[in-house]
Structure formats: structure tokens, C-alpha cells
Amino acid sequence: DDVFPRLVHQDRVIELDRSQPEFVQTFPGYFSKRVTDWRTEKGKEMYAKHDKLLHKLSEKYGVPPHYLLAFWGLETNFGSYKGKMPVLDSLATLACDERRSTYFTQEFLVAVKLMEREKLQKEDMIGSWAGAMGHTQFIPTTYLAYAADGTGDGKRDVWTSPQDALASTANYLKVSGWQRGMPWGFEVVLPEGFDFGVAGLDQRALPARWRDRRLRAARATTPAIEALADGLGEMSLFLPSGHRGPAFLVTQNFRALLRYNTAPAYALAVGRLSERFDAAVPLVGDWPIGDRPLKPPEIFTLQRFLRKAGYLVGDIDGVAGRKTIGAIRAYQREAGLIADGYPTPGLLTHLRQKNKLKN
């Protein structure tokens, strides 16, 4: 009775939902705005300030300090910007939008429960356009399930306590399958004539299989000096910009990062930023120059063509998620193209022309 009459539809939230930078920017464009010198230097400063806490959390949860700093930096610039959108209004708006109504309805209802339990005012609940809150931006259901007390005062205050927020992030990663002592991944060099059809986050293989395919670590100076050691478990070959860009073998810990945010660009940014708190390690591979990402309406068209051609892509939603990438790769393989699963304007043109010929 108190909350519902005061809810306000937020048109801006729908606009932001349709233009998430993780999905509409090129990888180099995305990284240049997130893995920055400022975040690197500020992260080192915060490392020194919270050294004891970070190592205490690392010992308890198995997550190294530099990953927690990377999340904190990427989410809120180390607490300096936690969002300015009214969380309940944002979640209610998204709950009434067809694209992900069920998901955001649940988040909205949990947010109302949290407001009551934590004795918060509606005006106190300010966060991101998607309803994430606090120093490391927890959505309501994640807070309810995984928020932790980092100060020992019996509270789980992710809004004003960086200690609680960092403890909550460490706990969430541990529950998400984080493996102590394992890197997130590492850059690799591919041999000539490589079969790109084995790439993709939906495909996994043990290190021995990647050794058989003649992959090697790009730099011996990385933490992955024994990069293809059998103890790393199953890994996936990730090509963020297709076959022309850098290549990475990613581990179970990369998949744990994806639990925090399902966008591979975000998980890669966490991994790369975390490395910079020790020492910046430049990539061996170059990002493609001149590439532009497909816009959501173009991806929508691409998905429609793929479905019409008999390839399953999941929802036709204008977002190049894992199912769409898998469908692209399957189509490329059968069409005699390089099967890297990467959506490009050239691929869309190819599908349009083929569709015209059929008609």
C-alpha cells in the first residue's frame, strides 16, 4: 500500500536495457573506457588502504584481493558512484516490460521485502538502472542469498560499508565455483590453420587437448607460466573479437566471473583489470581496427535469419548471447566460412544476400 502508489515508470531504464555497453560496443571500445590507468592507480591506493581486510577475505573465501578490487572499481569506481536511479521504480519498470518480465518481477518483490526488513525508505534505495545496489552492485536476490558481514557487527550493509560489500562479493564468487589458486585465464597464440570451430565458451576441453591443438601461452611472464598444466581443469577458447583478435583460454574461474555478470566482455575486463594491480601485461594480439559492433536491431535481424535457416538461437532479442553465438558458429561451419561465432556486418550482409536468393 505504501510502495505501489508511489512507483514511477522510468523510460530511461528501457533505453539503457536495450543498449548495454557489454553487448553493443566493440571489445577495444569497451575496455578503453573500463580498464583505465585511473582505475589501476586508484585500485592500488585502495589495496594499500584495505590490505588487511582483503587478505583476510582471500584466506576465507579463496578469492585474491586484486579480483575484489577489480569488481569494486568496475562497478562503482571504488564506491564513488553507486548509481542514481530509484531501484524500486527501475525494477517495476523492467517487470512491466515483456523482454525479461518474470526475472525483474522477482527482483522487484524481493527488493520490497528488503526495504521492509532493513527498514529502508524508498528514497534510500538508489542504484543502477537494473536495480543493482551498493559498493559492488548486488541485485536484490543476490543480496538476499549471498550478502556477508565483513566487519563482524552482525550487519550486511553493502550500501555504506565497503567491508561488507567486498565480503559479499568474495562469498558470491566462492559459491559460484571459484577455485583457489587458479587464474581466470590467459592469452594464447594459435597455430597456422587453426580450426576455429572449437572456440566458444560453450565448448570445453582439458589442457592436454589444447596442447594437442598446438596452443601456447602468449607470454611466459604471466601468472599462467604453466598455462597448459593439467591442474587447471577444462578450459574454453574465447575469441572476443573473432578470429582476427586476441585469443584467450579461460578457466572455471572465468565462468565464476560470468555468474556476477553474464557478459563475457565484463568478465574479461575484470580479469584484465585485476592483473594491472600487480603489473600491466600488454596483449600480444592486436584488437581489429575498424570493426564496428552490430546494433541491437541488426542482431535481431541476424537472429531472425538464423532461425529461418534452421539454427536455434534462443530468444530473438537483439542480444548476441551464447546461444546466438553458437548458432552463428554452426552456420559459418556449414557455409564454409571461418567458424569463430563472431557477429559482424559482413556476416549479416551474407545472410541477407542468401535469403534474397532463396526468395
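Computed from a predicted structure; not experimentally measured.

Participant: Would you explain the overall build of the chain in this entry?
Facilitator: A tally of regular secondary structure across the chain gives 16 helices and six strands. Scaling as 2.2 N^0.38, a compact globule of 359 residues should have a C-alpha radius of gyration of about 21 Å, and the chain matches this with 21 Å. The principal-axis extents of the C-alpha atoms in the chain amount to approximately 60 × 50 × 30 Å. Residue burial in the chain is summarised as follows: out of 359 residues, 53% are buried. With an accessible surface of roughly 17,300 Å², the chain has 52% of that area assigned to carbon and sulfur atoms.

Participant: Any chance you could explain helix 8 (residues 101-117) here in plain terms?
Facilitator: Because each turn of an α-helix spans 3.6 residues, side chains separated by three or four positions end up pointing in the same direction. When the terminal C-alpha atoms of helix 8 are compared, their 24 Å separation across 17 residues agrees well with the 24 Å that a helix rising 1.5 Å per residue should span. Among all positions of helix 8, only Phe-104, Glu-107, Phe-108, Val-110, Ala-111, Leu-114 and Met-115 are buried.

Participant: What's the story with the side chain of His-135 in this structure? I'm lost.
Facilitator: Within the secondary structure, His-135 is located in the loop between strand 2 (126-127) and helix 9 (140-146). The residues contacting His-135, other than those within four sequence positions of it, are Trp-72, Glu-75, Thr-76, Gly-79, Lys-82, Val-158, Trp-159, Thr-160, Ser-161, Pro-162 and Ala-165.

Participant: What is the right way to read unusual backbone geometry from this model?
Facilitator: Most peptide bonds take the trans form, and the phi angle of most residues other than glycine is negative. In this structure, Phe-78 takes a positive phi of about 60° despite not being glycine. If you trace the backbone, Phe-78 turns up in the loop between helix 6 (65-76) and strand 1 (85-86). Given a relative accessible area of 6%, Phe-78 falls into the buried group. In this structure, Gln-137 takes a positive phi of about 55° despite not being glycine. Here Gln-137 shows up in the loop between strand 2 and helix 9. According to the relative accessible area criterion, Gln-137 is buried, its value standing at 11%.

Participant: Explain helix 12 (residues 252-260) to me, please; I cannot follow it from the model alone.
Facilitator: Most of helix 12 is tucked away, with seven of its nine residues classed as buried. Inspection of helix 12 places Asn-253, Phe-254, Arg-255, Ala-256, Leu-257, Leu-258 and Tyr-260 among the buried residues, and these make up the whole buried set. Packing partners of the buried residues in helix 12 comprise helix 6, helix 10 (162-175), strand 5 (236-238), strand 6 (247-250), helix 13 (264-276) and helix 15 (322-335). Regarding helix 12, its N-cap is Thr-251, as a side-chain oxygen of that residue lies 3.1 Å from the backbone nitrogen of Asn-253 further along.

Criteria and cut-off values
Residues numbered from 1 in each chain as written. Predicted model: local features only at pLDDT ≥ 70, side-chain atom pairs only at ≥ 80, totals over all residues. Heavy atoms only, no water. Helix = DSSP H or I, 4+ residues; strand = E, 2+ residues; numbered from the N terminus. Rg over C-alpha atoms; globule rule 2.2 N^0.38 Å. Buried < 20%, exposed > 50% of the residue type's maximum accessible area, 1.4 Å probe, protein only. Areas by Shrake-Rupley, 256 points an atom, 1.4 Å probe, with all protein chains shown as cover. Expected span 1.5 Å × (residues − 1). Contact = heavy atoms within 4.5 Å. Polar contact = N/O pair within 3.5 Å; in protein donor to acceptor, adjacent residues only side chain to side chain.

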